[in-house]
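# Architecture at a glance
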Amino acid sequence: SCARPDILETSVESFLKHVKCRDGFRLILCEDKVEDPKRQEEGRKWIEDHSHYFDQIIYSDKKLTYVYCFSEILKYIESQFFFRLEDDVTFFEDIDVDEIIEFMKESNVSQTIFRRSIHNLTNPAEVKCISNRKTELVDFYSIATGVFNLKLTRKIVGLSGTGECHESSVLTPSMLKLKA
């Protein structure tokens, strides 16, 4: 979201510096409507000035919020796996996405989410290590920053029937229905 371009720029620059994948990334920005016209104008100006970061820019005249932006962006993804970056995440160490994708393929996992902090509100069913990083397998579907399996994600979002991607009330029940 370019309602906070200063934060987004830090996120994108740290992503490009630390997140690696042998096939590279197509960066797609989904920009929705911002209620404050001044902030909207500043955000759109930032996008124009920094369009070199992105392979594709999608504009919506509706206020999508994060729960609808996620389903909107799914229409434009062409790869089997994708990395979702929120506008307020900063990476401080290198991450090898290829190792994460390999784990996801072997385990038929729909998502691998990066923790925002040391506090964890989920109850892990199983703990594994990927690239010397502790990874918890949980029965909770989140649209936080992380790596996603496109096919499984589209099924989960499709099961919700609303296009809304609220984590606990919509996506997690859809994921659990798919697993059943």
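A few words now on the overall build of the protein. Helix and strand content of the protein: 6 helices and 9 strands. Counting every position in the protein, which comprises 180 residues, the buried fraction comes to 44%. Partitioning the contacts of the protein with sequence separation of at least 6, the portion at a separation of at least 24 is 71%.

Take the sheet that holds strand 4 (residues 81–84) next. Strand order in the open sheet formed by 3 strands is 4-9-6, with antiparallel pairing between adjacent strands. One side of each edge strand has no neighbouring strand; the edge strands of this open sheet are strand 4 and strand 6 (111–113). Sheet twist, expressed as the average angle between the axes of neighbouring strands with direction ignored, equals 20°. Two strands pair when backbone bridges link them, and strand 6 and strand 9 (residues 146–149) are joined in this way by 3 bridges, in the antiparallel orientation. Paired with Thr112 across the two strands is Val147, which belongs to strand 9. Strands strand 4, strand 6 and strand 9 of the sheet are contacted by helix 4 (residues 97–107), whose axis makes an angle of about 40° with strand 9.

Below, the discussion takes up the nonpolar core. Buried together is how nonpolar side chains tend to be arranged in soluble globular proteins. Residues Phe54, Phe83, Phe91, Val97, Met104 and Val147 are the most contacted members of the largest nonpolar core, which totals 24 residues. Residue assignment for this core shows that the elements contributing at least two residues are helix 1 (5–18), helix 2 (37–49), strand 4 and helix 4. It is helix 4 that provides the largest number of residues to this core, a total of 5 residues. Other than its neighbours up to four places away in sequence, Val97 contacts Val19, Lys20, Cys21, Phe25, Phe83 and Val147.

What follows deals with helix 4. Those residues of helix 4 that sit buried are Val97, Asp98, Ile100, Ile101, Phe103 and Met104. Taking the backbone nitrogen of Asp98 as reference, a side-chain oxygen 2.9 Å away marks Asp96 as the first, capping residue of helix 4. Looking one or two residues past helix 4, Asn108 carries a phi angle of roughly 55°, positive in sign.

Attention now goes to the environment of Ile58. Mapping Ile58 onto the fold places it in strand 3 (residues 56–59). The class for Ile58 is buried, based on a relative accessible area of 6%. In sequence terms Ile58 and Glu72 are 14 residues apart; their C-alpha atoms lie 9.2 Å from each other. Beyond its immediate chain neighbours, meaning those up to four positions away, Ile58 contacts Ile28, Leu29, Cys30, Glu31, Glu72, Ile73 and Tyr76.

Position of Glu35 relative to the elements: it lies in the loop between strand 2 (28–31) and helix 2. By relative accessible area, which is 54% here, Glu35 ends up exposed. Sequence spacing of Glu35 and Lys63 is 28 residues, and the spatial spacing of their C-alpha atoms is 7.7 Å.

The next point concerns the pairing of strand 2. Side chains on a regular strand alternate between the two faces of the sheet. In the sheet, strand 2 pairs with strand 3 via 4 bridges, with the strands oriented parallel. Each bridged residue has a counterpart across the sheet, and for Cys30 the counterpart in strand 3 is Ile58. Taken together, strand 2, helix 2 and strand 3 constitute a β-α-β crossover, and its handedness is right-handed.

This brings us to the packing of aromatic side chains. Taken as a whole and assessed by the stated rule, the structure comprises 9 aromatic pairs. Joined through ring pairs, the aromatic side chains of Phe15, Phe25, Phe83 and Phe91 make up one cluster.

This paragraph deals with the pattern of salt bridges. Counting across every chain of the model gives 7 salt bridges. Between Asp88 and Arg4 there is a salt bridge, and its shortest N-O distance comes to 3.6 Å. Residue Asp88 is located in the loop between strand 4 and strand 5 (95–96), and its partner Arg4 is located in the segment before helix 1; the two are separated by 84 residues in the primary sequence. The salt bridge involving Glu72 is made with Lys75; its shortest N-O contact spans 2.9 Å. Looking at Lys75, the relative accessible area reads 60%, which means it is exposed. Linked through salt bridges whose partners overlap, the residues forming this network are Arg4, Asp87 and Asp88.

Conventions and cut-offs
Residues numbered from 1 in each chain as written. Predicted model: local features only at pLDDT ≥ 70, side-chain atom pairs only at ≥ 80, totals over all residues. Heavy atoms only, no water. Helix = DSSP H or I, 4+ residues; strand = E, 2+ residues; numbered from the N terminus. Buried < 20%, exposed > 50% of the residue type's maximum accessible area, 1.4 Å probe, protein only. Contact = heavy atoms within 4.5 Å. Pairing = 2+ DSSP bridges. Axes fitted to C-alpha atoms, helices over the stretch in contact; angles between N-to-C directions. Core = buried A, V, L, I, M, F, W, Y, C linked by side-chain atoms within 4.5 Å. Polar contact = N/O pair within 3.5 Å; in protein donor to acceptor, adjacent residues only side chain to side chain. Right-handed = clockwise from strand over helix to strand, strands pointing away. Phe/Tyr/Trp six-rings, centres within 6.5 Å; stacked < 30°, edge-to-face > 60°. Salt bridge = Lys/Arg side-chain N within 4 Å of Asp/Glu carboxyl O.

So far we have only geometry, and geometry alone does not tell us how the molecule works.
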